[in-house]
Structure formats: structure tokens, C-alpha cells
Amino acid sequence: MKKNLLVCLICLSITAFPYSVLALPLPSTDNDYRPISNDIMVIAHRGASNYGPENTLSSYRQAIMMKADYVEIDLQMTKDGQLIAIHDETLTRTTNAKEIFPNRSPWRVKDFTLEEIRRLDAGSWFNKANPKQARVEYTKQHVPTLEEAIECVKQYRYGNAGLYIETKAPSVYPGMEEKVIEVLKKTNALDDRKLFLESFSEQSLRKLKTLEPNLKLIQLYNRNMLAGKEIDQEFKRISDYAFGVGPYKELVGRKLIKAAHQNYLLVHPWTVNSQNEMVSLLSIGVDGQFTNNTDRLVDLLEKPLITHGVANGDVTDTSVILWTRTNRDANVQFEISTDRLFKTNTIAKTSHADDKHDFIVSIEFIHLKPNTKYFYRAHVGSSKYMVTGSFRTAPAENSR
Ligand code: G3P
Ligand code: CA
């Protein structure tokens, strides 16, 4: 993704830090929203998992075609010590293991060999769960090995996607970290610039750090892991091994971002799927986002974007002023209508946001009906992201 000028200037001013830290923003003041940079990592959570069966080669390929910066791969280990890409510790949710091996309850990954897992269909469940997005090709998807997943991402480099690999349940799989390093070496991925390893397990990350000190490691946090902890102390503590943090999205606010950035840690929340959530997190300064909808985050980042809602003001009986703010030069289209769906009675006007006015645009609508509810919306160019609201005009001047 291209950087905007402001972020380039910020980066150039902190050349004392190693290259990999240059993309970090300067800490913002408490009252400031950070200008949204385009240097944001789009991390395809389990691949393009809203569009195809998670953690399959098909969903990895779709994520790359949608221009993900990273493809996320969840790891478990088979009975014969092979790393495979699957999220759960059991095979039941995302494969037909129950059908093929009816007597092998509870169908734990660690109780099956790779040869057995190879016989499973890892895509039909998706077709059943998502009939509108079902594709015949998904029924042919299998559970990939880590090696296959890496080769897929590396060979399918439409958009130069990187790898973002999670050691899942490492305590269940002794020796998992050594195997990860072994596969990364075998596939020539260990020294890739675009490689992150992530885990909820600090122990697993510390082990990876001991094995390969240059790895970029992301400490994940679920809803409970920060409870009762002083955030700055916690981030200072982990900064001896971590390169960034991956918190559950609802933990992320300006305080967390400030603490992370002061400790030179990137912030990659998960799992962010709506454009409204994406914009809120971007506006407070996250460095990337895990998403099942790669296309939606790419859409936001590729085009100028409304970063600060749309507000109405100066409402009279016949007029209103609408305001909004973008992150760069853009034509903003405002629409206003008495129809919630904007199918009838809609008036549209366009105004230009520019640097001279700090990207704030306002526009006045006149000749409105008194005492009437109006809906409004605004969007930039061809971006799918839209902000909306409503207001009621004042009663007519001489009415009661
Ligand atoms: O890896 C970030 C996020 O994926 C953690 O949650 O359960 O989807 O692996 P999960
Ligand atoms: Ca994950």
C-alpha cells in the first residue's frame, strides 16, 4: 500500500530506528485522531474466510487475489508430527471426519495421521453453511500442510502477500515450534521480509525467539488476558520478544495503541469485518487488521475515505448543513432524502475535500419541507464505504 505524504515525513524523521520500526506512527495526543495512513497491513484471517472455506488453499488464493498483504494460517499438529493448517483442535467443524471415521470420537487432530487427514473434505461444510457462496470447487479442498500453505502463498504472489502463522494450542503439541522453523527453512520462508508468527502462548513465542531471534512475533490477547494488568507495564514486559500485539478488537482504544507504540509494538486487532469497525480502528491508529473480508479493508485503503462520520447542523425549517471529513483530496457526494432507502425524493450534491480546508467539507441543502424527517448519506468516489444519519427539519415559521 502507498504511504501518504504525512506518514512518509514522520517515518523520515525517525531514521534512528531499524527499518522495520519506521512504519510506526508517532504517538498521538489524547485528543487527536491519527491521520489514516495507507501503510496498514491487511491480514486475511484464515484466508478470505468469508468467501471460501477457511484455512484451505482456495481461501488463501482468494485472499491474495483480493490484495491481502498477509495470509493468516492457523496451525495444529498430526499424530505423526506434521503441521497442518486448521483452526480447531478437532476435525469436526471444518471437515467430514465424523462421516469418514465414525468411530474415532472426539476426532482430535493429534489422534489422526496426515495420511488419514488427507482423505477429508475441508470445503463442503462451507457450502452447506453458506449456500449463496457455495462453489463446487470447495468440495475438493483438503486440509493443507504448512508446507503446502506456504508454497501456495509464495507461488501465488499476485500482490506479494506475506505469511502470518499462528501456533495454536502449542502445549498440546510438544516440539511444534521446532517443526515450524524446520518447515520455514525447507520452504525458504524463514528470512522472508513479510513473515510474522503469532500466538496466544507467550511460552511458544519465547521458544520461537530462542530458536530464531530475528523472527517478528505477535503476542495475541483474548478478551481476558489483559484483565487486571497495567497495559503499559505489560507491553514493556513483552517488548523483549514481541514485535507487535494482536488484541481482540474490543480491547483496542487509544490508551492501548499509545502504550503499544511507546513500546515500539505494532497493533493488529482481530477480527474486524465491517467497514464501520475498520474505519473506527484505523482512525485511532492501528497498524493492521485481521479480517475475514479482505476486499472491504482493501477497498477502504485504496481509495480516499470518509474518516470522520457525517454530522448535520444549522437545521432550519427549510435547510440543513452537512459536514464530513476525508483522509485526502476527494469529491464527496452527499445525498438527502425523505426515503430511508434513497429510492425516491433524493437530492444529491458533490463537494471537494482538500488539504487547504483540512479535508473538511460542508454543504447546504435548501428548499426542504418543514417538520419532516430526512435521511442523509455521504460517500467518496467509488468506495463502498458510506456514512449515514438523519434529522428532522424545524416546524414552519408560523406554525404552532
Ligand atoms: O490470530 C488472530 C486471531 O485469529 C485469533 O483468533 O481464534 O481466529 O485464531 P482465532
Ligand atoms: Ca488465528
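An account of the accompanying structure is given in this report. (Residues numbered from 1 in each chain as written. Chains lettered and ligands numbered in written order. Predicted model: local features only at pLDDT ≥ 70, side-chain atom pairs only at ≥ 80, totals over all residues. Heavy atoms only, no water.)

**Section: the pairing of strand β12 (residues 330-337)**
The criterion, for reference: Each residue gets one of three labels from its accessible area relative to the maximum for its type: buried under 20%, exposed over 50%, partly exposed in between, using a 1.4 Å probe on protein chains only. Numbering goes from the N terminus for both helices and strands, where a helix is a DSSP run of H or I of at least four residues and a strand is a run of E of at least two. DSSP calls a pair of strands paired once it identifies at least 2 bridges connecting them.
For β12, the buried fraction is high: six of the eight residues fall into the buried class. The pairing of β12 with strand β13 (residues 346-353) spans eight bridges and is antiparallel. For S337, the partnering residue across the bridge sits in β13 and is T346. The sheet contact formed by β12 and strand β15 (residues 373-380) spans six bridges and is antiparallel.

**Notes on the site of ligand 1**
Inclusion rule: Only a single heavy atom is needed: when it lies within 4 Å of a molecule or strand, its residue is near that molecule or strand. Definition of a polar contact: a pair of N or O atoms within 3.5 Å, with one able to donate and the other able to accept a hydrogen when the atoms are protein atoms, and with sequence-neighbouring residues admitted only if both atoms are side-chain atoms. Residue-level accessible areas treat just the shown protein chains as cover; the underlying method is Shrake-Rupley with a 1.4 Å probe. Gly counts as polar in this scheme, as do all residues outside two lists: the nonpolar Ala, Val, Leu, Ile, Met, Phe, Trp, Tyr, Cys and Pro, and the charged Asp, Glu, Lys and Arg.
The immediate surroundings of ligand 1 are formed by H45, R46, E72, D74, H87, E166, K168, E198, F200, L220, W270 and F290. Here an oxygen atom of ligand 1 sits 2.8 Å away from a polar atom, N or O, in the side chain of E72. Burial of ligand 1 by the protein chains amounts to 91% of its free accessible area of 280 Å². Split by residue class, the shell around ligand 1 holds four nonpolar, two polar and six charged.

**Brief notes about the coordination of the calcium ion (ligand 2)**
Definition in use: Excluding water, the donors of a metal are its N, O and S neighbours within 2.8 Å, or within 3.2 Å for Na, K and Ca, and that exclusion means sites may look incomplete. By the criteria applied here, four donors are tetrahedral when all angles lie between 85 and 135 degrees, four are square planar and six octahedral when opposite donors are over 155 degrees apart and every other angle lies between 65 and 115, and any other arrangement is irregular.
Taken together, the protein donors to the calcium ion (ligand 2) comprise E72 (OE), D74 (OD) and E166 (OE), at separations of 2.1 to 2.4 Å. In this structure, the calcium ion (ligand 2) is surrounded by six donor atoms whose angles at the metal cover 52 to 165°, and the resulting shape is irregular. Donor residues for the calcium ion (ligand 2), ordered by position in the chain, follow E-x1-D-x91-E. Taken together, the residues D74 in strand β2 (residues 70-77) and E166 in strand β4 (residues 162-167) connect sequence positions 92 residues apart. The class of D74 is buried, set by a relative accessible area of 0%.

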